[in-house]
Amino acid sequence: VSSLLTRYRTFKVLMIGDSGVGKTCLTHRICGGQFPSRVEATIGVDFRERLLDIDGEKIKLQLWDTAGQERFRKSMVQHYYRNVHAVLFIYDVICPGSFNGLIAWIEECSICPALLRFLVGNKSDLRDPSRTEGQVSQERAMSFSKAHGMMFFETSAKNPPHSVEDIVVAVGAKLKRH
Ligand code: GDP
Ligand code: MG
């Protein structure tokens, strides 16, 4: 019962990026679920919550999975950005087009300069170490994130090597201090 009375500081976090990069799978994963065996293309907006304890402080991350936004874009964006605390800009590490596409999202987002911003390369499990073309290198992503004042993570919603938990903890800790 006491847990029901615990007060959580709530933060709204947007999941942004091209269709197919894994926003929905990452949202499920971060919010304690398994990797979904099948995902529907999301319509409208969906949100899930994740409770965290960062050094004794109770934090609630409210993840907004911005499905369908790929198509509606401009009209939806201003609505989504209300009262947002942080944005995860997500791309697919084996789809350079999804990385190049982020610049447009970042520009849109510049209407809210106070936002905490994170760059997330998803599907790291699909990386092929024997080749470089057709993949977004960590070096490239790292320098991009520095140029845009973002923290960078590579992750996989599906399989190791990278757990989503590193992102969860970093986002929670940053928000707590913000
Ligand atoms: P969204 O359109 O950005 O919401 O992307 P979805 O979450 O619907 O994922 C698109 C496709 O990528 C689905 O077939 C997922 O199973 C797959 N997917 C998502 N994340 C990963 C990942 O980390 N690794 C692999 N291998 N596949 C992924
Ligand atoms: Mg989706």
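Residues numbered from 1 in each chain as written. Chains lettered and ligands numbered in written order. Predicted model: local features only at pLDDT ≥ 70, side-chain atom pairs only at ≥ 80, totals over all residues. Heavy atoms only, no water.

UniProt annotates the protein chain under Sequence similarities (unreviewed entry) with the comment "Belongs to the small GTPase superfamily. Rab family." (UniProt positions renumbered as here; feature names shortened; annotations may be inferred.)

A.B. asks: Where do I start with the packing of aromatic side chains in this structure?
C.D. replies: Two descriptors summarise a pair of aromatic rings, namely the distance from one centre to the other and the angle between the planes of the rings. Inspection of the entire model under this criterion finds 3 aromatic pairs. Seen in terms of ring centroids, Phe47 and Trp64 are 5.3 Å apart; in terms of plane orientation they differ by 10°. Their pairing is stacked. Of this pair, Phe47 sits in strand E2 (residues 46–54) while Trp64 sits in strand E3 (residues 57–65), and the two are 17 residues apart along the sequence. Exposure remark for Phe47: the relative accessible area of 42% places this residue in the partly exposed category. With relative accessibility at 15%, the residue Trp64 sits in the buried group. Here the aromatic residues Tyr91, Phe99 and Phe144 are joined through ring pairs into a cluster of three or more. (Phe/Tyr/Trp six-rings, centres within 6.5 Å; stacked < 30°, edge-to-face > 60°. Helix = DSSP H or I, 4+ residues; strand = E, 2+ residues; numbered from the N terminus. Buried < 20%, exposed > 50% of the residue type's maximum accessible area, 1.4 Å probe, protein only.)

A.B. asks: Just to check I follow, could you spell out the pattern of salt bridges for this structure?
C.D. replies: Note on pairing: side chains with opposite charge can pair once their charged atoms come close. Summed over all chains, the structure comprises 8 salt bridges. Between Asp53 and Lys58 there is a salt bridge; the shortest N-O distance is 2.8 Å. Among the residues examined, Lys58 registers a relative accessible area of 29% and is labelled partly exposed. Note that Lys123 is salt-bridged to Asp92, the shortest N-O span being 3.3 Å. Of this pair, Lys123 sits in the loop between strand E5 (116–122) and helix H7 (138–147) while Asp92 sits in strand E4 (residues 86–92); the two residues are 31 residues apart in sequence, bridging distant segments of the chain. (Salt bridge = Lys/Arg side-chain N within 4 Å of Asp/Glu carboxyl O.)

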